[in-house]
Amino acid sequence: MSTNTEDGALQELLGAAPAPEDLLRRLHGRLEDDAARAGVLDVAWTTVDTPVGPLLLAATEHGLVRVAYEREDHGTVLEELARRISPRVLRAPARLEPAAQQLQEYFAGTRTRFDLPLDRSLSRGFRRLVQEHLPEIGHGRTQSYGDVARAVGRPGAGRAVGTACATNPLPVVVPCHRVLRSDGSLGGYVGGPRAKTALLALEGAA
């Protein structure tokens, strides 16, 4: 029997083979499930497309731990997560589905507040104190760096508030984009001025 005939008979026995992309997707899904069941999926990540560019989302068992803009270099962010949290980092979209869904709703204008468990282990001290305050700035509202400093009991620490916002590991979800300079100008933003302007416009912020 010729090789071609043998190949045809094998296909009849096994059925049509899945496309390479589908096979890889299924194998990766099995790897994701096995890692989760074995308790070795310490950091799951995925990327989502948004009006402000692709965002990397990462989560531990405790909650969403990182949101990163493309300009931060997603590869570098993953390396940082492997170094600071665990080297067991795997692309596993299932764990991020709630976050991805809520981001989609936010950008569609149907969600004004995120309701997600957050893992704040990447923040410490005063920076964490500031970042925990940020969700209290309501959708469509803004505060100055000085306002935030006073709200967390550290009047005069406006510059440190700026640093806390600049190092926020959960932008968009933890809304550091709602903090402006005292003169109303944008100030810095990890996603860049265009992203900050777009988020404020989406929210109709004054």
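All values derive from a computational prediction rather than experimental measurement. (Residues numbered from 1 in each chain as written. Predicted model: local features only at pLDDT ≥ 70, side-chain atom pairs only at ≥ 80, totals over all residues. Heavy atoms only, no water.)

1. Details of helix H4 (residues 93-107)
Formally: Here the bend at each residue means the angle between axes fitted to two seven-residue stretches, the one ending at that residue and the one beginning there. The helix and strand labels rest on DSSP assignments: H or I over at least four residues marks a helix, E over at least two residues marks a strand, and numbering proceeds from the N terminus. Only protein chains enter the accessibility calculation, which uses a 1.4 Å probe; a residue whose area is less than 20% of its type maximum is buried, one above 50% is exposed, and one in between is partly exposed. Here a residue-residue contact requires only that any non-hydrogen atoms of the pair lie within 4.5 Å.
Bending of H4 peaks at approximately 30 degrees at the position of Ala 99. Among the residues making up H4, those that are buried are Leu 96, Ala 99, Gln 102, Leu 103, Tyr 106 and Phe 107. Looking at the buried positions of H4, the neighbouring elements they touch are strand E1 (43-48), strand E2 (55-60), strand E3 (63-69) and helix H8 (193-203). Phi turns positive one or two residues past the end of H4, at Gly 109, with a value near 85 degrees.

2. Some details on the pattern of salt bridges
The condition is simple: A carboxyl oxygen of Asp or Glu within 4 Å of a side-chain nitrogen of Lys or Arg is what we treat as a salt bridge.
The final tally for this structure, using the stated rule, is eight salt bridges. Between Arg 150 and Asp 147 there is a salt bridge whose closest N-O contact spans 2.8 Å. One end of the pair, Arg 150, and the other, Asp 147, are both in helix H6 (residues 145-151), three residues apart, so they sit about a helical turn from each other. With relative accessibility at 52%, the residue Arg 150 sits in the exposed group. Looking at Asp 147, the relative accessible area reads 32%, which means it is partly exposed. Taken together, the shared-partner salt bridges connect Arg 66, Glu 72, Glu 80 and Arg 84 into one network.

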